[in-house]
Amino acid sequence: MSERDLGFVHRFFTGESGVTLLLLHGTGGDENDLVPLGRELAPGAAILSPRGKVSEYGAARFFRRLAEGVFDHEDLVLRTHELAEFIEAAAEEYGFDLSKLVAVGYSNGANVAASLMLLHPGLLRAAVLFRAMVPFEPEETPDLSGMPVFLAAGRTDRMIPPQSTERLAEILREAGADLDLRWRDTGHALTYEEVAEAREWLSGVLLKLS
Ligand code: MLT
């Protein structure tokens, strides 16, 4: 495991399955937060886990927001490109296969993963998005043909408006993604049930990748 800083504080763990998970934490999290979740979702996968570079009163995020749910679009675009550059540099540094990179994001991390899909279609092979909303309205529909995406949403989530999750789902479907949207009667926090569902979904997707 190397901790070399490639522009982002991060963790990297090697794996043996050939797949790499890109773990993207929620507001106030860090590069260590989702490692146990990643191991649970895809045992044997390598893990790349960066820490968001924006500090909101000390809480790490992947891009600035002006208020809850109101994103700083300019910063979001810039940070998304920065993250894409980091991912490419990390693939070179650690020698993992970019064509088998699967994002797993929670909340702010899921939103930046969605932004990566809109601005860098083709960079991610698949994505698990927990509690995501539309990061911005794309000017052009990206080509995400056949990209498997698992989107897990909570009906009583007070951080993520349901209509914004639905709009993201619509954009992803229009882009050709193979979307699996799951609603639960739950709030912003993740539940065991949906982690288990995501694990099952991901094992099917990963089988087709290897
Ligand atoms: C965000 O990206 O701001 C999210 O929607 C809310 C959060 O950070 O948890």
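Each value, and the rule that gives it
Numbering of residues starts from 1 in every chain and runs along the sequence as written. Totals for whole chains, interfaces and linings use every residue, but because this is a predicted model, local features are given only for residues with pLDDT of at least 70 and side-chain atom pairs only at 80 or more, for both listing and counting. Water and hydrogen atoms play no part in the side-chain values, which are based on all heavy atoms of the structure. What makes a residue near a molecule or strand is one non-hydrogen atom of that residue sitting within 4 Å of it. Polar contact is defined as a pair of N or O atoms within 3.5 Å, subject to the rule that within protein one atom must be able to donate a hydrogen and the other to accept it, and that residues adjacent in sequence are counted only when both atoms are side-chain atoms. Working definition of accessibility: Shrake-Rupley area with a 1.4 Å probe, residue cover restricted to the visible protein chains. Both cavities and pockets are sets of points on a 1 Å grid over the protein atoms alone; in a cavity a 1.4 Å probe fits but cannot get out, in a pocket the set is open with protein on both sides within 12 Å along at least five of seven lines, and lining residues sit with an atom within 4 Å of a point. More than half of a molecule's atoms within 2 Å of the grid points is what it takes for that molecule to sit in a cavity or pocket. Residue type decides the class: Asp, Glu, Lys and Arg count as charged, Ala, Val, Leu, Ile, Met, Phe, Trp, Tyr, Cys and Pro as nonpolar, and the leftover types, Gly among them, as polar. Grid points are joined across faces, edges and corners, and a volume is the space filled by probe spheres set on the points. Helical segments are the DSSP runs of H or I of at least four residues, strand segments are the runs of E of at least two, and each set is numbered from the N terminus. We define a salt bridge as a side-chain nitrogen of Lys or Arg found within 4 Å of a carboxyl oxygen belonging to Asp or Glu. Partly exposed describes any residue whose relative accessible area lies between the buried limit of under 20% and the exposed limit of over 50%, with all areas from a 1.4 Å probe on protein chains only and scaled to the type maximum. Throughout, nonpolar core names a set of buried Ala, Val, Leu, Ile, Met, Phe, Trp, Tyr and Cys residues whose side chains join them through atoms within 4.5 Å. What makes two residues a contact is simply this: any of their non-hydrogen atoms within 4.5 Å.

The full set of residues close to the ligand is T27, R61, F63, R65, F71, S107, N108, N111, M133, M159, I160 and H188. One nitrogen or oxygen atom from the side chain of T27 is found 2.4 Å from an oxygen atom belonging to the ligand. One of the side-chain nitrogen or oxygen atoms of R61 is found 2.9 Å away from an oxygen atom of the ligand. Protein chains shield 97% of the accessible area of the ligand, which is 260 Å² for the free molecule. Among the detected pockets, the ligand sits in the largest cavity. Taken together, the residues of the shell around the ligand break down into 5 nonpolar, 5 polar and 2 charged.

Our next topic: the layout of surface pockets. One number sums up the size of the largest pocket: a volume of about 300 Å³. As for the largest pocket, its lining consists of 20 residues, of which R125, A126, G146, M147 and P148 are closest to the centre. Counting residues per element, the ones that place at least two in the lining of the largest pocket are β11 (178-184) and α5 (192-209). With 5 residues, α5 is the single largest residue contributor to the lining of the largest pocket. Considering only residue class, the lining of the largest pocket consists of 10 nonpolar, 5 polar and 5 charged.

Moving on, we come to empty space enclosed by the protein. For the structure on display, the rule yields 1 cavity of 30 Å³ or more. Taken as a whole, the largest cavity encloses approximately 90 Å³ of empty space.

Under the definition given, this model contains 16 salt bridges. A salt bridge links R61 to E56; the nearest nitrogen and oxygen atoms lie 4.0 Å apart. With relative accessibility at 2%, the residue R61 sits in the buried group. Judged by relative accessible area, which is 22%, E56 ranks as partly exposed.

Within soluble globular proteins, side chains that are nonpolar tend to cluster in buried spots. Ranked by size, the top nonpolar core spans 49 residues in total, and within it L22, L129 and V149 carry the most contacts. If you tally residues by element for this core, the top one is helix α2 (residues 73-94), at 8 residues. When sequence neighbours within four positions are dropped, the list of residues in contact with L129 reads G105, A110, A113, V149, F150, L151, A152 and L168. Residues L34, Y106, A126 and L209 belong to the second largest nonpolar core, which totals 26 residues.

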